[in-house]
Amino acid sequence: MEGDPDLQFLLQGGDLLKVRSSSWKKTRYYRLMEDCETMWYESKKTFKTNQKFLLDDISAVRIGRQSEGLKKYTEEHVECRCFSIMFKSCRKNLDLVASSEEEELLLWILSCLNKADKNRDDKLNISELKNFLHLINIEMDDDYTEMLFKKCDTSKSGYLAGEEIEHFYDLLTHREEIDVIYGEYAKTTGFMSPQNLVDFLIKEQREKATLADAHNIIQKNEPDENAKEKKLLSKDGFLMYMHHPDALVLNPDHREVYQDMSQPLNHYFISSSHNTYLMEDQLRGPSSTEAYVKALLKGCRCVELDCWDGSDDEPEIYHGYTLTSKILFKDVIKAIKEYAFKVSDYPVILSLENNCSVKQQEVMAQHMSSILGSALITSPLGDGMPINFPSPEELKGKFLIKGKRLNKLEASFAPEGEEDDDTDMTEEEDDEDEHEEEQRKKKKKLKLAKELSDMVVYCRSVPFHSFEDARENQSFYEISSFKEGKAMKLAEESANSYIRHNVDKLSRVYPAGSRAGSSNYNPVPLWNAGCQIVALNFQTTCTNMDVNQGRFLVNGKSGYILKPAFMRDIDTEFDPITLTRGDWLKPKTLHVMVISAQQLPKVNQKESSIVDPLVKVAVYGVAADNAEKETSYVENNGTFFCQTPHTCAFPLGVVSKCILGNHGFNPEWNETFQFDVYVPELALVRFTVEDYDSVSDNEFIGQYTLPFNSLKMGYRQVPLLNRNGDVLPSAGLFVHIMVLDAE
């Protein structure tokens, strides 16, 4: 590979940021040694000897923020530059951040090429080339592989080396659909002028664009300095722009906090976790402070703490009457304090399930007071008895306690000596599973420590009897918890009453006790009924958790989403089941064309396994809006190559022709779907990619969920997330979106 620029880059080396913790991030110089088998890096330690490692010792290169260290200690915007090197031995993984995406991709390709090059001669024969294709998830017909091989083997040597390998890779990753779109607008000697770009942005992307916007895009995205100097956008620059965060399917304005955060707290949907301490199932799994860290880093704003008497007068957290492991209450509070505001500045609610003795309740109060300090709300904001909740903006950086209280909040404003000092507290229906009920019946009363009671200000737990009873007797700061089944029934049979109840009060919903495996229910019907705190098992990856994260993807991932105006009006007539006429009815027609996918990962790591991808598009919302449609599947991630022009139905776009290009990294569908959406303010759209299986369930590859009103129109890249909600680097969908007012 002599003279190969990529190899020369690796031999020359470069700086990478090595990450170990939030405080230990150091630049290290890495380079490939002349033997092309060893990586050398510079260490600042005087007596450090292990400054090298063999490429053969690498078991995998994981692109993106996939390791625990990178998730915890790096920011989301560097996702595309992060990677981890995993070793075959017990050597610690290397978490690194490249200075550019190009460096990271080059290292990944080098790793795949190194594995494919069995005899280490820096060349690929036809057999090694086929091995390389499997490693990067491409199944190709043998005849076609040999045809491409011969085309790239310009030296007629029987192997590919240097620029020949680079040429082969370029052929695989070529985006024919981008060529067609670009060609339609590149009217200035094969380039896009600023005016050409403005035309594209207005006609195709439905954006309000000016020449100044076009100049800015060219300046940011054009890699060719000569073209940039002439204020022109090349095809490479256009492709870079289409992958820029501002050009993705998610409205870039919604990535930041864009909603009014000065409304009362109960006017927001709040990202909420159930039994947050559990890492796995509800009966035998481990409890860990790490579970709180993970939930908080995912934007959760309401976490649950099941508190029980522990040894040495230290309260513990675990799932009562089960075999789950135990962790110290104080350790949980410390973890919450450290990670509560890493992702969002807005308030965190600590939902206490208090099963402790008075003595250990006092210890709980001491720990929260000493660890959380002034960030803990222990009295109402302002002077006098409040008549409404404070806003998330007013509560920035604060902790609220949800739990039982000895008396009404009004009592704390009564003249001294008139407060109710009764320490008996009726046990209400709260977050309890069926197997706990027998134990609960044995103790109808719970002794409550005044120190802990006084910390409950805006979220006093009370039982729910009926909507009429709540209207007459429940204060705004008193919150009821509903078992999943009961909440679903109310949402179906008394939706409007539930919505009105939630206009001035908070409601919390939690999973049924029968969900021993920590499965999740569908949160959408509860949001449709105005429930704010819809608690899910954050440790469980599933469609319902994806939908939850999609709901809270926007508004700066603050964990707070402002409810629509028609759900904040005490006299609202809105009913998500009957859909009577009102301001909520804003019928739209959604057109989605699934065009192609890029660099889909293998879901089965067997060498012979290649995905047969299909795409599902679903709308979640009120009952009338729920729908799902899917494409056909592309066999072996696309196995053919066609240069024959054909017509395809790009919805309402100017571009009307598509050339079906190679399907290596980029399987194509060109299939169009239409959805009717009646209440767009409550709707979500989910894109899912699956590996088709004719004899069993399809395997999940990736998904992306976002609010309907956060969709951008036109040709858009859709990033894909894995089961854990992390970005799949380089993978994505290319779609065309159009939203029209329904007639």
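- As annotated in an unreviewed UniProt entry, the chain carries the name Phosphoinositide phospholipase C and is attributed to Sander lucioperca.
- Check the Catalytic activity (unreviewed entry) section of the UniProt entry for the chain; it says "a 1,2-diacyl-sn-glycero-3-phospho-(1D-myo-inositol-4,5-bisphosphate) + H2O = 1D-myo-inositol 1,4,5-trisphosphate + a 1,2-diacyl-sn-glycerol + H(+)".
- Taken verbatim from the UniProt record of the chain, the Subcellular location (unreviewed entry) comment is "Cytoplasm".

Topic: helix α19 (residues 495-504)
- For α19, the buried fraction is high: seven of the 10 residues fall into the buried class.
- Listing the buried residues of α19 in full gives A495, N496, Y498, I499, H501, N502 and V503.

A look at the environment of T578
- Within the fold, T578 resides in the loop between β20 (560-562) and β21 (588-598).
- Along the chain, T578 and A623 lie 45 residues apart, while their C-alpha atoms are 9.2 Å from each other.

Here's the deal with unusual backbone geometry
- In the Ramachandran plot, D313 falls in the positive-phi region, its phi being about 60° despite a non-glycine side chain.
- Mapped onto the elements of the fold, D313 is located in the loop between β9 (302-308) and β10 (316-317).
- In this structure D313 comes out as partly exposed when scored by relative accessible area, which is 36%.
- Of note in the backbone geometry, S518 takes a positive phi value of approximately 65° without being a glycine.
- Along the polypeptide, S518 turns up in the loop between β18 (507-510) and α20 (524-528).

Structural notes on the packing of aromatic side chains
- Tallied over the full model, the rule gives 22 aromatic pairs.
- Here F200 and F238 contribute two aromatic rings whose centre-to-centre distance is 5.2 Å and whose plane-to-plane angle is 75°, an arrangement assigned as edge-to-face. A residue pair is termed long-range when its members are at least 10 positions apart, and F200 in helix α8 (residues 194-203) and F238 in helix α11 (residues 235-242) qualify at 38 residues.
- Looking at F238, the relative accessible area reads 0%, which means it is buried.
- Here Y268 and Y560 contribute two aromatic rings whose centre-to-centre distance is 6.2 Å and whose plane-to-plane angle is 80°, an arrangement assigned as edge-to-face. Here the residue Y268 occupies a position in strand β8 (residues 268-273), and Y560 occupies one in strand β20, the gap between them amounting to 292 residues.
- On the basis of relative accessibility, which here comes to 0%, the residue Y268 falls in the buried class.
- Grouped by ring-pair contacts, the aromatic residues Y182, Y185, F200 and F238 constitute a single cluster.
- Sitting over the face of the ring of Y339, K342 holds its NZ or CZ atom 5.7 Å from the ring centroid.
- We note K629 situated over the ring of F675; from NZ or CZ to the ring centre the distance is 5.0 Å.

Calculation notes
- Residues numbered from 1 in each chain as written.
- Predicted model: local features only at pLDDT ≥ 70, side-chain atom pairs only at ≥ 80, totals over all residues.
- Heavy atoms only, no water.
- UniProt positions renumbered as here; feature names shortened; annotations may be inferred.
- Buried < 20%, exposed > 50% of the residue type's maximum accessible area, 1.4 Å probe, protein only.
- Helix = DSSP H or I, 4+ residues; strand = E, 2+ residues; numbered from the N terminus.
- Phe/Tyr/Trp six-rings, centres within 6.5 Å; stacked < 30°, edge-to-face > 60°.
- Lys NZ or Arg CZ within 6 Å of the ring centre and 35° of its normal.

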